[in-house]
Amino acid sequence: MGTTAREEMSRFWEKNSRSNRPLSPHVTIYKWSLPMAMSITHRGTGIALSLGVSLFSLGALLLPEHFPHYLAQVRALSLGPALIFLVKFSLAVPFSYHTWNGIRHLV
Amino acid sequence: GSSKAASLHWTGERAVSVLLLGLLPAAYLCPGPAVDYSLAAALTLHGHWGLGQVITDYVHGDVPVKVANVGLYVLSALTFAGLCHFNYQDVGICKAVAMLWSL
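Chain B is annotated in an unreviewed UniProt entry as Succinate dehydrogenase [ubiquinone] cytochrome b small subunit from Rhagologus leucostigma. The UniProt entry for chain B carries the following text under Pathway (unreviewed entry): "Carbohydrate metabolism; tricarboxylic acid cycle."

As recorded in an unreviewed UniProt entry, chain A goes by the name Succinate dehydrogenase cytochrome b560 subunit, mitochondrial, listed as coming from Rhagologus leucostigma.

And the structure:
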């Protein structure tokens, strides 16, 4: 049997890290394309959403009060409708992008 | 061998993605504990696998990879625990989203 892909990859990285080669400019010089941008955005929104869920989850474990209590506190701040809309929008955008682009990947 | 495992992992990723997608209308139309716990599971697994791919792509070297993956496991376990706790002790995911959006 020959080497596995994993073995070859780790041999490559061991040799590469040892030789301390400088990193070739990539994102800085390569002309951006739409597929490239969409792909990294999909990744970025995915990471952000994941971290958001984890943060929410940790809050559920650590915070003393229940969800309605904190929601009431936010309501008591009497934030303007424009600000509330902006917050909802900024939550909805990464979620929607990731979902719709995800469907694109699935089909 | 490991390529069969990789192929199964790939299929698993697509399956969980489709399941998670289906849970979104379900959450809207039939909110409740069944959807809440399914969401907790699917969301955590989807995120765990997604972040795992990010680690595979950007983290190199035996020790950093090991450390990153252990960290990820801890994060995912805590996330799942927290979401289940929220479903059990608090209003649950579906209700929480509905309440938040009604603000």
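Picking up after the structure, the text goes on.
Explanation requested: the overall build of chain B in the structure shown.
When you go through chain B residue by residue, the secondary structure sums to four helices and zero strands. Taken over C-alpha atoms, the radius of gyration comes to 16 Å for chain B, far larger than the 13 Å a tight globule of 103 residues would show. Seen along its three principal axes, the alpha-carbon backbone of chain B occupies a region of about 45 × 25 × 20 Å. The buried share among the 103 residues of chain B stands at 33%. Restricting the contact set of chain B to residue pairs at least 6 apart, pairs at least 24 apart contribute 62%. Only carbon and sulfur atoms are counted for the fraction: they give 73% of the accessible area of chain B, which is about 6,000 Å². When the 4 positive and 5 negative side-chain charges of chain B are each reduced to one mean point, those points stand 7 Å apart.

Help me understand the UniProt feature "binding site: a ubiquinone" (unreviewed entry) in chain B in this model?
Look at the UniProt record and you will see "binding site: a ubiquinone" (unreviewed entry) annotated at B:Y58. When you line up the elements, B:Y58 lands in helix α2 (residues 33-58). Engagement of the side chain of B:Y58 in a polar contact is seen with the side chain of A:R43, the distance being 3.0 Å.

Can you help me understand the interface of chain A and chain B in this one?
Counting residues at the interface gives 28 residues for chain A and 33 residues for chain B. Counting the surface lost from both chain A and chain B, the interface buries some 2,700 Å², and carbon and sulfur atoms represent 73% of this. B:D57 is the salt-bridge partner of A:R43, the closest N and O atoms lying 2.7 Å from each other. Between the two partners, chain A and chain B, sit nine residue pairs in polar contact (both at pLDDT 80 or more). It is helix α2 (residues 34-62) of chain A that contributes the most residues to the side of chain A that touches chain B, 11 residues altogether. Residues that form the side of chain A that touches chain B fall into these classes: 18 nonpolar, six polar and four charged.

Rules behind the numbers
- Residues numbered from 1 in each chain as written.
- Chains lettered and ligands numbered in written order.
- Predicted model: local features only at pLDDT ≥ 70, side-chain atom pairs only at ≥ 80, totals over all residues.
- Heavy atoms only, no water.
- UniProt positions renumbered as here; feature names shortened; annotations may be inferred.
- Helix = DSSP H or I, 4+ residues; strand = E, 2+ residues; numbered from the N terminus.
- Rg over C-alpha atoms; globule rule 2.2 N^0.38 Å.
- Buried < 20%, exposed > 50% of the residue type's maximum accessible area, 1.4 Å probe, protein only.
- Contact = heavy atoms within 4.5 Å.
- Areas by Shrake-Rupley, 256 points an atom, 1.4 Å probe, with all protein chains shown as cover.
- Lys, Arg positive; Asp, Glu negative; His and termini not counted.
- Charge placed at Lys NZ, Arg CZ, Asp CG, Glu CD.
- Polar contact = N/O pair within 3.5 Å; in protein donor to acceptor, adjacent residues only side chain to side chain.
- Buried area = accessible area lost by both parts, 1.4 Å probe.
- Salt bridge = Lys/Arg side-chain N within 4 Å of Asp/Glu carboxyl O.
- Nonpolar A, V, L, I, M, F, W, Y, C, P; charged D, E, K, R; others polar.

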